Amino acid sequence: MNLASIPSPSTGVIELGPIPLRGYAFCIIIGVFVAVWFGNKRWIARGGKAGTVADIAVWAVPFGLVGGRLYHVITDYQLYFSEGENWVDAFKIWEGGLGIWGAIAFGAVGAWIGCRRRGIPLPAWADALAPGIAFAQAIGRWGNWFNQELYGKPTDLPWAVEISEGANRVAGTYHPTFLYESLWCIGVALLVIWADRRFTLGHGRAFALYVAAYCAGRAWIEYMRVDEAHHILGLRLNVWTAIIVFVLAVVYIVLSAKLRPGREEIVEPDRDTTPGKDSGEDAEKDVEGAEQNADAKKDPLSKDEPGKGRTAESTEAAAEKG
């Protein structure tokens, strides 16, 4: 007997006056807004310009939505293309079904295009946005609560979620895996913020830490779910994906720390970004050049001013000429 539980909404549609808005879409929209807002604050703190994060998000978000939907449809094709199913439902993104793996992969492609157009390095932008993405996922997972989907095994714990009778589901109380993942994503965001301040992460390592930390949680949460999924060697496909991506993220952190230690001092140099001009090709060079100029200003020996900052050789040469 359950003494307490989390009730599910009777409908997945929120009425905003005459405009019906599905709860799933509402959570996604709010999540995107939070990610861009928080990412913008971090980008400005890193020395970037206000509005750059939003400008690049215009490319990243649509690509991410397409990629997330494609991943879901491909890995759960039987929901749309098996006998008795309507393939048109594959386009009904508002009914739920976004794979984070595809969303991040395709979103990165869109972000890369946006970064090239603005002439800034993608790793620096990704580092600034990483905690915001985790917060966005925490909010977006509540869309599954509206749709009564992606829950775990039956349980009588006080925080169990109530699921009503419906298509492909049996009424009862289950582990609220959407809530577990939401809380985990909040923890991931806080971890990245702390680590970024503590270790001054740069060159994409903050983003890689977000990926690794998320995958660590997704693996055990995915294992608890009871919805239909493909299995490989006894494990759900998404568990294997989380393991592989986790390893790749950790390898990147280690190699990047050795090859490019420290953090970018200049993330958005002033440059000509006239529309139509391919300014992204030399973005890294401009950033490195700006950093070298900044270092030169700090080092008086690099300046060849009369009587100031000369090397021993230049001083001896001047003495001989005198």
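Residues numbered from 1 in each chain as written. Predicted model: local features only at pLDDT ≥ 70, side-chain atom pairs only at ≥ 80, totals over all residues. Heavy atoms only, no water.

Asker: Looking at this structure, I do not really get the pattern of salt bridges. What am I missing?
Answerer: Pairing between side chains becomes possible if they bear opposite charge and their charged atoms approach one another. For the structure on display, the rule yields 11 salt bridges. Here E264 makes a salt bridge to R46, at a shortest N to O gap of 2.8 Å. Residue E264 is located in the loop between α9 (237–259) and α10 (283–298), and its partner R46 is located in the loop between α1 (23–45) and α2 (52–75); the two are separated by 218 residues in the primary sequence. The pair E264 / R46 is uniform in exposure class, with both members buried. Between E222 and R218 there is a salt bridge; the shortest N-O distance is 2.9 Å. Residue E222 and its partner R218 are located together in helix α8 (residues 205–224), separated by four residues, close to a single helical turn. By relative accessible area, which is 1% here, E222 ends up buried. (Salt bridge = Lys/Arg side-chain N within 4 Å of Asp/Glu carboxyl O. Helix = DSSP H or I, 4+ residues; strand = E, 2+ residues; numbered from the N terminus. Buried < 20%, exposed > 50% of the residue type's maximum accessible area, 1.4 Å probe, protein only.)

Asker: Would you explain the environment of I221 in this entry?
Answerer: Positionally, I221 belongs in helix α8. Given the relative accessible area of 1%, I221 is considered buried. C-alpha of I221 to C-alpha of P176: the two residues are 45 residues apart in sequence and 9.9 Å apart in space. Among residues more than four places away in sequence, those in contact with I221 are T177, Y180, E181 and W184. (Contact = heavy atoms within 4.5 Å.)

Asker: Sorry if this is basic, but what is going on with the nonpolar core here?
Answerer: A general tendency of soluble globular proteins is for nonpolar side chains to be buried together. W43, W101, W125, V192 and Y210 are the most contacted members of the largest nonpolar core, which totals 39 residues. Elements supplying a minimum of two residues to this core: α1, α2, α4 (100–118), α5 (122–140), α7 (177–199), α8 and α9. W43 has contacts with G48, K49, T52, V53, I120, A124, W125, A128, V267 and E268, leaving out every residue within four places of it along the chain. Counting residues in each nonpolar core, the second largest holds 10 residues, with C27, W145, I163 and Y174 among its members. (Core = buried A, V, L, I, M, F, W, Y, C linked by side-chain atoms within 4.5 Å.)

Asker: Would you take a moment to explain a nonpolar patch on the surface for this structure?
Answerer: On the surface, I243, F246, V247, V250, V251, V254, L255 and L259 cluster together into a nonpolar patch covering about 660 Å² of accessible area. Given the relative accessible area of 33%, V250 is considered partly exposed. (Patch = residues over 30% accessible without salt bridge, like charges linked within 9 Å, V, L, I, M, F, W, Y side chains within 5 Å. Areas by Shrake-Rupley, 256 points an atom, 1.4 Å probe, with all protein chains shown as cover.)

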